[in-house]
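Structure assessment
Read off the chains here:
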Amino acid sequence: MDDFFFTPQYVKSKLLAPYGSGFSITPALMQSATLRFPNHSPKLSDLYFAGAGRHSGSGMSGVATSAKVVAQLMLGLVATLRAAA
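Here is a short report on the structure shown in this document. Model, not experiment: these values are computed from the prediction. (Residues numbered from 1 in each chain as written. Predicted model: local features only at pLDDT ≥ 70, side-chain atom pairs only at ≥ 80, totals over all residues. Heavy atoms only, no water.)

1. Topic: the overall build of the protein chain
In plain terms, the rule: Elements are defined by DSSP. Helices are runs of H or I of four residues or more, strands are runs of E of two residues or more, and each kind is numbered from the N terminus. Only protein chains enter the accessibility calculation, which uses a 1.4 Å probe; a residue whose area is less than 20% of its type maximum is buried, one above 50% is exposed, and one in between is partly exposed. In this analysis, two residues are considered to be in contact whenever any of their non-hydrogen atoms come within 4.5 Å of each other. Reported accessibility uses the Shrake-Rupley method at a 1.4 Å probe radius. Residues are deemed covered only where the shown protein chains occlude them.
Regarding its fold elements, the protein chain presents two helices and zero strands. Within the protein chain, the fraction of its 85 residues that count as buried is 15%. When contacts within the protein chain are restricted to residue pairs at least 6 apart in sequence, long-range pairs at least 24 apart make up 19% of them. When the accessible area of the protein chain is evaluated, it comes to approximately 6900 Å², of which 65% is carbon and sulfur surface.

2. Some points on the side chain of serine 41
As a reminder, the rule being used: We call two N or O atoms a polar contact when they sit within 3.5 Å, provided that within protein one can donate a hydrogen and the other can accept it, with sequence-adjacent residues counted only if both atoms are side-chain atoms.
As for its placement among the helices and strands, serine 41 is situated in the loop between helix 1 (8-13) and helix 2 (59-84). Only 3.0 Å separates the side chain of serine 41 from the backbone nitrogen of leucine 44, close enough to count as a polar contact. Every residue in contact with serine 41, bar those within four places of it in the chain, is listed here: Leu47 and Phe49.

3. Quick word on the environment of methionine 74
Secondary-structure assignment places methionine 74 in helix 2. Along the primary structure methionine 74 and histidine 40 are separated by 34 residues, whereas in three dimensions their C-alpha atoms are 9.1 Å apart.

4. Some remarks on the environment of proline 38
Relative to the elements of secondary structure, proline 38 occurs in the loop between helix 1 and helix 2. For proline 38, a relative accessible area of 44% puts it in the partly exposed group. In this structure the C-alpha to C-alpha distance between proline 38 and valine 70, which are 32 residues apart in sequence, comes to 9.7 Å.

So this is what it looks like as structure tokens:
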């Protein structure tokens, strides 16, 4: 078995995140599940977000899943715009 860990220096120099996590914000109870930051900006209609700190979770699977959520949001917007035209 190998030991594996990150040090603050590793996060700063290798992940280029001198102020903390290279993967997202530090999780808190009020940032769980659907309480995470939204995938679509409430202020800018054409701004979408995908990544570990967005819905649906953290880690690589969370990044891929959040990208899928964003794609579905964008496709829904396209369908809505087509229906309105």
